[in-house]
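Examining the three-dimensional arrangement
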Amino acid sequence: LNRSSAMHATFERNRQVCINVLPAEHELLARHFAGLTDLPMEQRFQLPVWDRGEQDVPVLRDALASLAAMRYGDSGYVFVMDSKPVVLMHPTLPKLVN
């Protein structure tokens, strides 16, 4: 997450993260969160599409996938592994993937 992002302070404060993979029918929601509409941030999480996950983190009800209960760390990076554990995504060391 770019430290100059408007969301950086929110992530830093909350420390808990859920990344939702959206289906095509949620394009408008994606546009809201990308800042491409005039919907204020506080209203984005009031839309009737959210459930509360672990640590009370919002989880999109019909997401294709939700990477939930992740802790946002000091580095600002998120690492994604499967249950094997196999690295599925690494922000700085792509040679670790697979």
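Model, not experiment: these values are computed from the prediction. (Residues numbered from 1 in each chain as written. Predicted model: local features only at pLDDT ≥ 70, side-chain atom pairs only at ≥ 80, totals over all residues. Heavy atoms only, no water.)

The number of helices and strands found in the protein chain is three helices and six strands. Start at the N end of the protein chain and walk to the C end: the helices and strands fall as α-β-α-α-β-β-β-β-β. Split into buried and exposed, the 98 residues of the protein chain put 24% on the buried side. In the protein chain, of all internal contacts separated by at least 6 residues, the share reaching a separation of at least 24 is 46%. (Helix = DSSP H or I, 4+ residues; strand = E, 2+ residues; numbered from the N terminus. Buried < 20%, exposed > 50% of the residue type's maximum accessible area, 1.4 Å probe, protein only. Contact = heavy atoms within 4.5 Å.)

By the secondary structure assignment, Arg31 is in helix α2 (residues 27-33). Arg31 gets classed as partly exposed once you look at its relative accessible area, which sits at 36%. Setting aside residues no more than four positions away along its own chain, Arg31 makes contact with Leu36 and Thr37.

In this structure the tally under the stated criterion is two salt bridges. Between Asp56 and Arg52 there is a salt bridge, and its shortest N-O distance comes to 3.3 Å. For Asp56, a relative accessible area of 48% corresponds to the partly exposed category. (Salt bridge = Lys/Arg side-chain N within 4 Å of Asp/Glu carboxyl O.)

In this structure the tally under the stated criterion is three aromatic pairs. For the ring pair Phe33 and Phe45, a centre distance of 5.0 Å and an interplane angle of 70° mean the geometry is edge-to-face. Within this pair, whereas Phe33 is found in helix α2, its partner Phe45 is found in the loop between α3 (41-44) and β2 (50-52), the two being separated by 12 residues in sequence. On the accessibility criterion, Phe33 (30% relative accessible area) is partly exposed. Between Phe33 and Trp50 the ring centres are 5.8 Å apart and the planes differ by 75°, which places this aromatic pair in the edge-to-face class. Highlighted residues: Phe33 in helix α2 and Trp50 in strand β2, separated in sequence by 17 residues. Cluster of aromatic residues (ring-pair linked, three or more members): Phe33, Phe45 and Trp50. Above the ring of Phe33, the side-chain terminus of Arg44 is found at 5.8 Å from the ring centroid. (Phe/Tyr/Trp six-rings, centres within 6.5 Å; stacked < 30°, edge-to-face > 60°. Lys NZ or Arg CZ within 6 Å of the ring centre and 35° of its normal.)

Take it as geometry only, folks, not as evidence of what the structure does.
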